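# Tertiary structure, described
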Amino acid sequence: MHELSIMTSILDIVIRHAETHRAVSVKRIDLQVGELSDLIPDWMQRYFDFVSKDTIAGNAQLAIEKIPAVLRCRACSHEFTLDRESWQFTCTACGSSDVEIVSGREFTVKSIEIE
Ligand SMILES: [Zn+2]
C-alpha cells in the first residue's frame, strides 16, 4: 500500500537519526508534504502509529506542513507556485494551460524532536 510504504521509509529515516543521537524516544516529527501529494494528514498519523508501534518512535506526533506546488509553463518556461485558492493550472505569465509539475508530490522529514 502506498501510504504504508511511505510511512515505513519516513520511520526508517527517523529511527536512524534518533539512534545516531542515542535517543530513548521520539516525541515529534516535522514533515513537509507537497500540496499535490495525495497523503491525508489524519491517515498519515494512523499509518505511522501502525508501522512505528514497538519502536522508539511509537508515541511520536506528526506535524505536517503542506508546501506549495511549483509548476512550469511549457510555452514560455515561466515557473510559478500553484495558487491554493484558485487551484488554476494555467501559466501566470502567458496564460497557457500547457504546464508541468516541477515539485509538489514529494515529502521530507524536516526535523525530529527526541529525548
Ligand atoms: Zn507561460
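Provided above is the structure to which this section pertains.
Summary of the structure given here. (Residues numbered from 1 in each chain as written. Predicted model: local features only at pLDDT ≥ 70, side-chain atom pairs only at ≥ 80, totals over all residues. Heavy atoms only, no water.)

## Some remarks on the nonpolar core
By size, the foremost hydrophobic cluster in this structure holds 21 residues, and its most contacted members are Met7, Ile29 and Phe48. Among the secondary structure elements, those contributing two or more residues to this core are α1 (2-20), β1 (26-34) and α2 (41-52). At 7 residues, the largest contribution of residues to this core is made by α1. Setting aside chain neighbours within four positions, we find Met7 in contact with Met44, Tyr47, Phe48, Val51 and Leu62. (Core = buried A, V, L, I, M, F, W, Y, C linked by side-chain atoms within 4.5 Å. Buried < 20%, exposed > 50% of the residue type's maximum accessible area, 1.4 Å probe, protein only. Helix = DSSP H or I, 4+ residues; strand = E, 2+ residues; numbered from the N terminus. Contact = heavy atoms within 4.5 Å.)

## Quick look at α1
Taking 1.5 Å per residue as the helical rise, α1 with its 19 residues ought to reach 27 Å, and the 28 Å between its terminal C-alpha atoms agrees with that figure. Every buried residue of α1 is accounted for by Glu3, Ile6, Met7, Ile10, Leu11, Val14, Ile15 and Ala18. For α1, the angular spread of buried residues about the axis comes to 170 degrees, placing them on one side. In α1, the exposed positions angled more than 90 degrees off the buried face are occupied by Arg16, Glu19 and Thr20. Contact partners of the buried residues in α1: β1, α2, β2 (61-67) and β6 (107-114). Positive backbone phi, approximately 50 degrees, marks Arg22, located one or two places after α1. (Expected span 1.5 Å × (residues − 1). Arc of directions from axis to C-beta.)

## Thoughts on the sheet that holds strand β3 (residues 70-73)
Two strands in a sheet stick together by hydrogen bonds in their backbones, pointing the same way (parallel) or opposite ways (antiparallel). Read from one edge to the other, the open sheet built from 3 strands follows the order β4-β3-β5, with strand pairing classed as antiparallel. In this open sheet, the two strands that pair with only one neighbour each are β4 (79-81) and β5 (99-103). Averaged over neighbouring strand pairs, the angle between their axes works out to 35 degrees when direction is ignored. As paired strands, β3 and β4 are joined by 3 bridges and run antiparallel to one another. In the strand pairing of β4, Val70 is matched with Thr81. (Pairing = 2+ DSSP bridges. Axes fitted to C-alpha atoms, helices over the stretch in contact; angles between N-to-C directions.)

## A closer look at unusual backbone geometry
A positive phi angle, near 65 degrees, is found at Ser77, a position not held by glycine. For Ser77, the position within the fold is in the loop between β3 and β4. At Trp87, a position not held by glycine, the phi torsion is positive, near 55 degrees. On the secondary structure map, Trp87 appears in the loop between β4 and β5.

## Some words on the pairing of β2
Regular strands show a simple pattern: their side chains alternate between the two faces of the sheet. Across 7 bridges, the pairing between β1 and β2 is parallel. If you follow Arg28 over to β2, its bridge partner there is Gln61. Handedness of the β-α-β unit built from β1, α2 and β2 comes out right-handed. (Right-handed = clockwise from strand over helix to strand, strands pointing away.)

## Here we look at the coordination of the zinc ion
Around the zinc ion, the protein contributes the donor atoms Cys73 (SG), Cys76 (SG), Cys91 (SG) and Cys94 (SG), which lie 2.3 to 2.4 Å from the metal centre. What the 4 donor atoms of the zinc ion show is an angle range of 106 to 115 degrees at the metal, which sorts the shape as tetrahedral. Summarised as a motif, the one-chain spacing of the donors to the zinc ion is C-x2-C-x14-C-x2-C. Here Cys91 lies in the loop between β4 and β5 and Cys76 lies in the loop between β3 and β4, a separation of 15 residues in the sequence. (Donors = N, O, S within 2.8 Å, 3.2 Å for Na, K, Ca; no water. Tetrahedral: all angles 85-135°; square planar, octahedral: opposite > 155°, others 65-115°.)

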